Amino acid sequence: MIQREVTIYDIARELKLSSATVSRALSDHPAVKQATKKKIVTKAREMGYRTNAFASNLRKQKTHTIGVLMHELHSYFMVSVLAGIEKIAAAENYDILIGHSAESGAKEVANVENLFHKRVDGLIASLAFDTPDLSHFDCFLQKNIPVVFFDRVEESSAGTKIIIDNFKAGYTATRHLIEQGCKRIVHITGSNTRNVYALRYEGYRKALEDHGIPFNDEFVFTTDMDRDDAVNVSKRIAEMNPRPDGLFAAGDFTAAVCMQTLKQLGFRIPEDIAVIGFNNDEISTLMEPRLSTINYPGVEVGEVAARNLINHLKGVSSLSATSSIILKSDLLIRESSLRNRP
């Protein structure tokens, strides 16, 4: 049998006090004496009273909750972003409610609708691989509920976006391999419908062009960025003649699986093929040799996204309808790509 919730009226009846006094005490109102407040709080705990935050929020038209829409949860980068969001949200007494699209546009649409009906005060979102368009976010815009996009975004769309210069990062990674003597550089990317992969690919192409290396579309592999694809690409690399001498993967996990597979196939890294990844995931320092990568500051991304959203909600500042906040990314050179050792 389900036991009913304890109310302020039950506490008032037990202590022979008015319900108004109990309500004020539980809200830490200064008009209630400390001794009375302590007695009420103690009795509330004894009776198992729970604050009805939902009803209170409905009256205030605010839930003090931020929705966070993530395309995956097993990525170190995404976990880092979530840590940054949680840090700022907790400091500002906001809760977070997470939706997970699992790289599915259909699930993303359903999650956006669910978070909207959960009455979140604002939304922080990163798009799935196959998000068709952004019309499912219109319900937020129509209600003037702020949305901040990060990482995977539509750069020409409305809404504040927290990103890095993916073109520059892709260029920097490829240029580093060229500077290490690589002339046949493979690029492993994800769906070019997403800005992060499209721009890293464009940076790769531009670096080749600027250094007089002909582009070869047979050296570009568009994948789902998962383990099976990385293994299959590695096997194809081993069969190429002449073999590639450089590999730029648009994610550290893919780069790490490729390194592991190529080593099993007899490649020496970086002597036979120099490898660089992207994101600076934890796996990059656990590989042997350690993986060169582009540092994508996930915690900072989360902190900046949450800070801008909460400042807007508090009226401290306003989100621009079309602004992009571009954070700094860095090249981290480690042993996997370092052929020209000092």
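Residues numbered from 1 in each chain as written. Predicted model: local features only at pLDDT ≥ 70, side-chain atom pairs only at ≥ 80, totals over all residues. Heavy atoms only, no water.

Q: Explain the nonpolar core to me, and be specific about the residues and the numbers.
A: Within the largest apolar cluster, 65 residues are counted, with the highest numbers of intra-cluster contacts made by Ile124, Phe150, Ile162, Tyr204, Ile237 and Leu247. Ignoring sequence-local partners within four residues, the contact set of Tyr204 consists of Gly170, Tyr171, Thr174, Ile185, Val186, His187, Phe215, Phe219, Val220 and Phe248. (Core = buried A, V, L, I, M, F, W, Y, C linked by side-chain atoms within 4.5 Å. Buried < 20%, exposed > 50% of the residue type's maximum accessible area, 1.4 Å probe, protein only. Contact = heavy atoms within 4.5 Å.)

Q: Describe the pattern of salt bridges, naming the residues involved and giving the relevant values.
A: Taken as a whole and assessed by the stated rule, the structure comprises 14 salt bridges. A salt bridge links Glu46 to Lys43; the nearest nitrogen and oxygen atoms lie 3.2 Å apart. Residue Glu46 and its partner Lys43 are located together in helix H3 (residues 34-47), separated by three residues, close to a single helical turn. For Glu46, a relative accessible area of 56% translates into the label exposed. Two residues, Arg175 and Glu179, come together in a salt bridge whose shortest N-O distance is 3.9 Å. You can see Arg175 and its partner Glu179 sitting in helix H8 (residues 166-179), four residues apart, about one turn around the helix. When its relative accessible area of 32% is taken as the criterion, Arg175 is described as partly exposed. (Salt bridge = Lys/Arg side-chain N within 4 Å of Asp/Glu carboxyl O. Helix = DSSP H or I, 4+ residues; strand = E, 2+ residues; numbered from the N terminus.)

Q: Before we move on, can you summarise the sheet that holds strand E2 (residues 95-100) with the specific residues and values?
A: Taken in spatial order, the six strands of this open sheet run E2-E1-E3-E4-E5-E11, and their pairing is parallel. For this open sheet the edge positions go to E2 and strand E11 (324-327), each flanked by a neighbour on one side alone. Direction aside, neighbouring strands of the sheet carry axes that sit 20 degrees apart on average. Sheet topology places strand E1 (residues 65-70) next to strand E3 (residues 122-125); four bridges connect them, and they run parallel. In the strand pairing of E3, Ile66 is matched with Gly122. (Pairing = 2+ DSSP bridges. Axes fitted to C-alpha atoms, helices over the stretch in contact; angles between N-to-C directions.)

Q: So what's going on with the packing of helix H2 (residues 19-26) against H3? Which residues, and what values?
A: Put simply, H2 and H3 touch, their axes get as near as 9 Å, and they point 90 degrees apart. It follows that H2 is roughly perpendicular to H3 by the angle criterion. Each of Thr21, Val22, Ala25 and Leu26 in H2 lies in contact with H3, whose residues at this interface are Thr36, Lys37, Ile40, Val41 and Ala44. Class assignment of the residues belonging to the contact of H2 with H3 gives a composition of six nonpolar, two polar and one charged. (Parallel < 35°, antiparallel > 145°, perpendicular 65-115°, else oblique. Nonpolar A, V, L, I, M, F, W, Y, C, P; charged D, E, K, R; others polar.)

Q: Pulling in residues and values, what's your account of helix H5 (residues 76-91)?
A: The terminal C-alpha atoms of H5 lie 23 Å apart, and with 16 residues this matches the ideal 22 Å at 1.5 Å per residue to within 8%. Those residues of H5 hidden inside the fold are in contact with E1, E2, E3, strand E4 (147-150) and helix H13 (298-314). The N-terminus of H5 is capped by Ser75, whose side-chain oxygen sits 3.1 Å from the backbone nitrogen of Phe77. Positive phi appears at Asn93, one or two residues downstream of H5, with a value of about 60 degrees. (Expected span 1.5 Å × (residues − 1). Polar contact = N/O pair within 3.5 Å; in protein donor to acceptor, adjacent residues only side chain to side chain.)

Q: Describe the packing of aromatic side chains, and please don't skip the residues or the numbers.
A: Following the criterion strictly, the structure yields six aromatic pairs and no others. Ring centres of Phe116 and Phe140 lie 5.5 Å apart, and the angle between their planes is 70 degrees; on these two criteria the pair is classed as edge-to-face. Of this pair, Phe116 sits in helix H6 (residues 105-117) while Phe140 sits in helix H7 (residues 138-142), placing them 24 residues apart in sequence. For Phe140, a relative accessible area of 0% gives the class buried. Centroid distance Phe137 to Phe149: 5.0 Å. Interplanar angle 80 degrees. Geometry classified as edge-to-face. In this pair, Phe137 sits in the loop between E3 and H7 while Phe149 sits in strand E4, placing the two residues 12 residues apart along the sequence. For Phe149, a relative accessible area of 4% gives the class buried. Taken together, the ring pairs connect Phe77, Phe278 and Tyr296 into an aromatic cluster. We note Arg152 situated over the ring of Phe129; from NZ or CZ to the ring centre the distance is 4.6 Å. (Phe/Tyr/Trp six-rings, centres within 6.5 Å; stacked < 30°, edge-to-face > 60°. Lys NZ or Arg CZ within 6 Å of the ring centre and 35° of its normal.)

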